[in-house]
Amino acid sequence: MEEATQTYLASLKAICPSLTDHELSLFASKLSFQELKRKDIFLEAGKVQKAIGFIAQGLVRSSYIDLTGNETTVGFYPAGDYATHYDSFLARKPSNYTIQCLEPTVMACLSHEDLQWVYQQSTGFERYGRLVAEAILKRQQARIESFIFQTAEDRYLDFISRYPDLFNRVSLSHLCSYLGIERQTLTRIRQKLAQK
């Protein structure tokens with residue numbers, strides 16, 4: 001798990017370059033790791049997220065089941081990103097979301113208790129926590145606004161622009177669910193774009 005540790009610490013250092021090697025080793029001492037297979041569940045809806053997961057390797061998706069029993073994908077998170085339902089993790093309440101692996105995945109995990117301990121060790125870690133929370137909030141806000149201000153075609157173009165390497169790694173059904181469109185609509189959008 002040394003490679004996963006180094007990947008996480010490099011990400012942490014990129015966010016907070018002022019962290020010292022000693023502070024990074026304190027952080028690393030609190031990490032645990034999970035090796036998950038394709039289709040494994042990292043977080044199950046109805047359960048409290050006990051540890052934030054940094055994706056050192058692999059790809060996951062977040063989804064929920066609506067009142068009529070339909071599953072909706074709300075996000076795809078590749079290596080270098082976080083697998084979290086922040087509200088469940090911070091407030092210690094059951095999640096409405098399931099986080100499932102789409103590929104074999106290695107997670108570097110930090111429990112809620114250990115994260116609080118890390119925050120107490122250095123203001124640099126508090127800054128890291130704030131910046132990660134801000135990034136997650138911005139991503140969630142952009143997702144909400146995409147359904148208000150963008151067409152289905154715009155959402156599709158935005159997805160392939162932001163995540164060019166994910167396009168061939170997610171199923172069309174998950175992608176359509178994420179974009180909020182039917183498969184036929186995606187086919188029409190792709191045909192229209194191919195003609196341009």
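Refer to the structure printed above.
Residues numbered from 1 in each chain as written. Predicted model: local features only at pLDDT ≥ 70, side-chain atom pairs only at ≥ 80, totals over all residues. Heavy atoms only, no water.

## Quick word on the overall build of the chain
Logical step 1: Scanning the chain from terminus to terminus reveals eight helices and eight strands.
Logical step 2: Relative to the 2.2 N^0.38 estimate, which gives 16 Å for 196 residues, the radius of gyration of the chain is 18 Å and therefore close to what a compact globule would have.
Logical step 3: When the backbone C-alpha atoms are referred to their principal axes, the chain occupies close to 55 × 35 × 30 Å.
Logical step 4: When each of the 196 residues of the chain is scored for burial, the buried share is 45%.
Logical step 5: Within the chain, contacts between residues separated by at least 24 positions form 71% of all contacts whose residues are at least 6 apart in sequence.
Logical step 6: Accessible area for the chain stands at about 10800 Å²; split by element, carbon and sulfur atoms hold 51% of it.
Logical step 7: The chain carries 23 positive and 22 negative side-chain charges, and their two centres are separated by 5 Å. (Helix = DSSP H or I, 4+ residues; strand = E, 2+ residues; numbered from the N terminus. Rg over C-alpha atoms; globule rule 2.2 N^0.38 Å. Buried < 20%, exposed > 50% of the residue type's maximum accessible area, 1.4 Å probe, protein only. Contact = heavy atoms within 4.5 Å. Areas by Shrake-Rupley, 256 points an atom, 1.4 Å probe, with all protein chains shown as cover. Lys, Arg positive; Asp, Glu negative; His and termini not counted. Charge placed at Lys NZ, Arg CZ, Asp CG, Glu CD.)

## Details of the side chain of E23
Logical step 1: In this fold, E23 is placed in helix 2 (residues 21–29).
Logical step 2: The side chain of E23 sits in the buried core without any salt bridge; K13 is the nearest counter-charge, 7.1 Å away.
Logical step 3: Residues in contact with E23, not counting those within four places in the same chain, are S18, S122 and F125. (Salt bridge = Lys/Arg side-chain N within 4 Å of Asp/Glu carboxyl O.)

## A few points about the environment of G58
Logical step 1: Counting through the fold element by element, G58 comes out in the loop between strand 3 (51–57) and strand 4 (59–65).
Logical step 2: Separated by 19 residues in sequence, G58 and Y77 have C-alpha atoms that sit 8.6 Å apart.
Logical step 3: Apart from the residues lying within four places of it in its own chain, the contact partners of G58 are Y77, P78, A79, E103, P104, T105 and R169.

## Things to note about helix 6 (residues 152–162)
An α-helix turns once every 3.6 residues. As a result, residues three or four positions apart point the same way.
Logical step 1: A152, E153, R155, Y156 and F159 are the residues of helix 6 that are buried. Looking straight down helix 6, one finds that the buried residues subtend no more than 160° of arc, so they occupy a single side.
Logical step 2: Of the surrounding elements, those touching the buried residues of helix 6 are strand 5 (71–78), helix 5 (123–149), helix 7 (172–179) and helix 8 (183–195). (Arc of directions from axis to C-beta.)

## A short note on the sheet that holds strand 1 (residues 32–36)
Logical step 1: The strand order across the open sheet built from four strands is 1-8-3-6, with neighbouring strands paired in antiparallel fashion. Because the sheet does not close on itself, it has two edges, and the strands there are strand 1 and strand 6 (82–83).
Logical step 2: Relative to strand 8 (residues 105–111), strand 1 runs antiparallel, the two being bridged by five bridges. Paired with L36 across the two strands is T105, which belongs to strand 8. (Pairing = 2+ DSSP bridges.)

## Thoughts on the packing of helix 6 against helix 7
Logical step 1: Running from amino to carboxyl end, helix 6 crosses helix 7 at an angle of 120°, the nearest separation of the two axes being 10 Å. With respect to helix 7, the axis of helix 6 lies oblique. The handedness of the crossing between helix 6 and helix 7 is right-handed. When helix 6 is examined against helix 7, the residues R155, Y156 and F159 are found in contact with a partner set consisting of L175, Y178 and L179. (Axes fitted to C-alpha atoms, helices over the stretch in contact; angles between N-to-C directions. Parallel < 35°, antiparallel > 145°, perpendicular 65-115°, else oblique. Left-handed = near helix turned anticlockwise from the far one by under 90°.)

## Observations regarding the nonpolar core
Logical step 1: One finds Y8, L12, F27, Y82, F125 and Y128 to be the most contacted residues of the largest nonpolar core, which totals 22 residues.
Logical step 2: Contributing elements (two or more residues each) for this core: helix 1 (2–15), helix 2, strand 3, helix 3 (86–91), strand 8, helix 4 (112–121) and helix 5.
Logical step 3: In terms of residues, this core owes the most to one element, helix 5, which gives four residues.
Logical step 4: Leave out the neighbours within four places in its chain, and L12 touches L19, L24, F27, F125 and Y128.
Logical step 5: A152, Y156, F159 and I189 belong to the second-largest nonpolar core, a separate cluster that totals 17 residues. (Core = buried A, V, L, I, M, F, W, Y, C linked by side-chain atoms within 4.5 Å.)

## Overview of the sheet that holds strand 4
Logical step 1: Spatially, 2-7-4-5 is the arrangement adopted by the four strands of the open sheet, whose pairing is antiparallel. Edge positions in the sheet fall to strand 2 (41–43) and strand 5, since each has one partner strand and no second. Within this sheet the neighbouring strands show an average axis-to-axis angle of 30°, counted without direction.

Bear in mind that shape data such as this cannot, by itself, settle questions of function.
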